[in-house]
Amino acid sequence: MHMNKTMSLPPSRNPVDAGTLHGLSALVLWLAASALLVTPAALRAQTGSSESSATARKLENVIVTGTRLRTDISDGAYGLTAIGRQELELSGQRFLGEFLQQAPFMAGSPLNTSTGARGEGGGLSRGIASVELRGLGPERTLVLINGRRMVPGGGGGSGIVDLNMLPMVMVERVEIFKSGASVEYGADAVAGVVNIITREQTDGLAVNLQGTSTRRGDGEAAQLSLAYGQQRDRWQFMLGAEYVDQQSVGKGDRSFSERRLTFTGPDNTPTFDGSSAPPQGRFNTGLGNLTLIDGADGDSLSDFRPWIGDNTAPDTDRYNFNPFEDLQQPSERLSLFAQGRYSVTAAFNVFAETLYHQRDSRTRLAPLPFFTNREEDVDVSADNLFNPFGERLTDVRRRLIEGGPRDFVQDNEAWRFVLGADGTVKGWFWDVSLNRGRNTIDQRQTGDLLDSRLRTALGPSFRDSSGNAVCGTPAAPIADCVPLNLFGGAGSITSEMLAYAGTDLRDSGFNEQTVASANLAGDLFALPAGALQVAVGFEYREEKAADIPDPQTVRGNTSGSARAITRGSFDSNEAYLEVGIPLLTDAPWVQSVSMDLGTRWVDFSNFGTEVVSEAGLYWSVNESVRLRGAWSEAFRAPNVGELFGGFSQANPIVLDPCADFSRLTSVQIDRCVAQGVPADGSFAQSGEETPELSGGNRNLSPEQAEVRTLGVTWTPQSVSEFQLSLDYYDMEIDAGIASLGANTILEQCLATGAEAFCGRINRELGGRIVDVQAQLQNLATETARGLDLDAQYRHAGFGGSFSHRLMISHVLDRELVAFPGAAPFAGAGGFDRDNFGAIPEWQGNYRLDWRAGSWTVGYEAQWIGALEESGGEVFPGTVNRISDVVYHDVTVGYALPTRTSLVFGIDNLLDDQPPLFVNADEGNTDVSTYRLLGTTFWLRLTQRLL
């Protein structure tokens, strides 16, 4: 594809041109690098968990995310990023998920509370927050709490963890292991692991109050949290509680989203893109497409005029539905987390964790756009009382403004408990635990319609002797039916009409997880270079889930697509072995060399046995330079939704290639005949809308991945407070789980003759397509390659101490091959809603903090590199180029002698507006990548009471 056109974007409220953005990005990074490399040092360098890596290497019996070994043997063997409590507190973020989404190594289209109802994740997953390492999908990033699995949130069978369930006040640090970790943790750790470490040690009670509002006076949020803990010689206990009330912001409240936009012409001119279903209606009649004249009552033909459907026309009849819809979802959340530990003896401890989460949220859509041609056997009778055209109408479009906006109200409840014991016996550490969790969700949807009642309400009708509208005919009236008036414009549909034809829907679902594990780690025997370290363990895991649509949805009796019930479960028995081998020590150019080897065996109840292995090499050249390299196999097991997902039907426009033998080769004709198409070429396609059945596939197998990493950590002795890590990753995923559309399946059947395609086409005698089975398959191949840089530095200055952190990620390659032989989709530096989301080639964060006495001042810059959007609504052969975006955040804090502290923050200081993407959400931008609300102010008060 030749990308040789550049669009011009409309100015935002606070425009920053491309040159300014590029210059600002360069300036920020130059200042960060200068501060890291030039400023004199006086204080000790710290990691995100407030511990230097040098100190961490000297600690005994510590767990590091990415290995089960309990010594320093694998320190630095893989790419690991730690984000500490100080960074979390100074961010002002209410939710952990949305904080992590801003990290430069996250990409794609993760879910968050700003994702509209049309965003990824669908129905019951609205309102949750997920993360995607490398933009490889949230299902390929394993989320742990204290090294143990977390029950999925959102819709039943989704397999996606909601990171917003955990109270932020209980998070001590987050460790992100950016490599395959299936040996250590089992399935799903393909892109890596996000391990949330909770706070364990505190004495007393601390209460936090935080309020948030935007520069425009909306988007208010209130947060109340408390942390209470006690610590004694043999026991410790900690409780965290958090309540968050977040208000909605509408798309109509921001200039960039107040109208849905598209592009027109080769210059990609932004143009209003409204709906063809306005309150005045659009009626496809024998006289053409007509609409109601403003102020007319729709009783006669003279009340109608030709429909103006041109988006560019100043008097277009297309409807702007955006002002009705949410940009930020309103929600109320209550989260509780408690944990405790009791030491029975020096070798035996018991521990427990409990999590409870309650979320009430709402997603709002515009009033229902009703299309008769999208419903089964629904049209307007020529004898309908309100039909002024005297003919049967099969294509009537009407916005049911009288019903108000459609609300999707979610009630989500989750709990999780862990009960376990651990200890150390003769240098060997052991632990056993039982982890059980359940997430349930109930969703109520307003403003839908029932097809069965539409057929009678839009069928023949008349007025009886009392002047009442009655369904049916005088000879055969239909009792308890109210005729529906689609022709009178806004206000012509009465509450009685809506009560008869309309309905509310209720969906429900759950996810349930049980994990039992046992682990043992310690020194096996001594070698010349040190002790041989071993870790072994066993794990049993069971996953259950269900997604239960409303019975009317299951029957296909609503305005939406039919959807069947999803219900299923699977379990696994797993065992692993990890060995740390010291190879060499105290030799020329060698301080130490160690190897880490591991393997895991997994026996699944429904798709057999998996065995994965890994190898890592760690070379400490001297106190300043450490090198590492690793190779690992990883896998992702299909989740319950992918395995047992109920079928849903869509009816896309499909051009059957077997309907015209003149365009086919003899081999392709034979393949058509093999499907049941008449050999004489007499088959002709009668309609282009073709049933496409999508859903789960019980025959899926796990995805397979191979991950290679190389890295270096530099801690110069001359500037010992400085540390820089650089890592390279190369990931390849095979047998990726994906679905193909009906058109692709038909085309590939003729091109390849493979059963994987032809076997999914069902035809009746005579050749007509009955349906195309478009359920999930193991077909895709994906690759991801790139570099991560993490530099940290602390030094004295201006009567206090400075701390710097610079993180940059660069994507070298991101590619998807949907099925064998398909042309690859390239994702690096692009936005592709269907395949990748946003994958900037460059992303970076820089944070600077200064502390002196009672004062704290902070600054952070988030850099999102340039992107290109093509295809879809972008003019063919051109691209929509999006310039770099840099967000600037500042904080200032003060601690009072009364054990009170105040922190004030301004996020998005320059009020940068998100860029225009026409293939993204109806809000005209990528809501997963960019900040939507503009400049935001927040104030936090913390009071220690005990």
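Residues numbered from 1 in each chain as written. Predicted model: local features only at pLDDT ≥ 70, side-chain atom pairs only at ≥ 80, totals over all residues. Heavy atoms only, no water.

1. Considering the overall build of the protein
Our working rule: Starting at the N terminus, helices and strands are each numbered in turn, a helix being any DSSP run of H or I of at least four residues and a strand any DSSP run of E of at least two. Radius of gyration: C-alpha atoms only; globule rule: 2.2 Å multiplied by the number of residues to the exponent 0.38. Relative accessibility thresholds used throughout: buried, under 20% of the residue-type maximum; exposed, over 50%; partly exposed, between the two (1.4 Å probe, protein chains only). In what follows, a contact means two residues having at least one pair of non-hydrogen atoms within 4.5 Å. Only the protein chains shown count as cover for residues, with accessible areas throughout obtained via the Shrake-Rupley method and a probe of 1.4 Å.
When its secondary structure is counted, the protein shows 12 helices and 48 strands. Compactness check: the protein gives a C-alpha radius of gyration of 30 Å against a globular reference of 30 Å for 946 residues, within 12% of the reference. Principal-axis analysis of the C-alpha atoms gives the protein an extent of 100 × 65 × 60 Å. A buried classification covers 56% of the 946 residues belonging to the protein. Here the analysis covers contacts within the protein between residues at least 6 apart in sequence; of these, 72% occur between residues at least 24 apart. Carbon and sulfur atoms form 55% of the exposed surface of the protein, whose accessible area is close to 36900 Å².

2. Let's talk about the state of the cysteines
The condition is simple: In this description, the term disulfide denotes a pair of cysteine sulfurs within 2.5 Å.
Taken as a whole, this structure holds three disulfides when the rule is applied. Here C471 engages in a disulfide with C481; their sulfurs sit 2.1 Å apart. With the S-S dihedral at roughly -70 degrees, the linkage between C471 and C481 falls on the left-handed side. One end of the pair, C471, is in strand β23 (residues 469-473); the other, C481, is in the loop between β24 (476-478) and α7 (495-501), with 10 residues separating them in the sequence. Like C471, the residue C481 is buried in the burial classification. One disulfide bridge connects C658 with C672, the sulfur atoms lying 2.0 Å from each other. Residues C658 and C672 are joined through a disulfide that is left-handed, its torsion about the S-S bond being -85 degrees. In this pair, C658 is assigned in the loop between β31 (648-650) and α10 (666-674) and C672 in helix α10, connecting sequence segments 14 residues apart.

3. Describing the UniProt feature "domain: TonB-dependent receptor-like beta-barrel" (unreviewed entry) in the protein
Keep this limit in mind: UniProt positions are given in the numbering used here, feature names are shortened, and annotations may be inferred rather than shown by experiment.
UniProt feature "domain: TonB-dependent receptor-like beta-barrel" (unreviewed entry): in the numbering of this structure it lies at residues 405-909. Here residues 405-909 is 9% helix and 59% strand, with 33 Å between the C-alpha atoms at its ends.

4. Section: a negative patch on the surface
Formally: Excluding any residue in a salt bridge, patches collect residues exceeding 30% relative accessible area, merging like charges within 9 Å and nonpolar Val, Leu, Ile, Met, Phe, Trp and Tyr side chains within 5 Å. Any carboxyl oxygen of Asp or Glu within 4 Å of a side-chain nitrogen of Lys or Arg constitutes a salt bridge here. By the counting rule applied here, Lys and Arg register as positive and Asp and Glu as negative, while His and the ends of each chain are not counted. Every charge is mapped onto a representative atom, which is NZ of Lys, CZ of Arg, CG of Asp or CD of Glu.
On the surface, E332, D360, D411 and E413 cluster together into a patch of negative charge. Tracing the sequence through the fold places D411 in strand β20 (residues 406-425).

5. A closer look at the nonpolar core
Definition in use: Among the buried residues, those of types Ala, Val, Leu, Ile, Met, Phe, Trp, Tyr and Cys that are joined through side-chain atoms within 4.5 Å form a nonpolar core.
Membership of the largest hydrophobic core comes to 48 residues, with the highest contact counts inside it found for L96, L100, L163, V194 and I196. Every element with two or more residues in this core is listed here: α4 (96-100), β2 (141-145), β4 (171-177), β5 (192-198), β33 (703-714), β34 (722-738), β37 (777-797) and β38 (800-817). In contact with L163, not counting residues within four places along its chain, are L96, G97, L100, A129, S130, V131, V143, V194 and I196.

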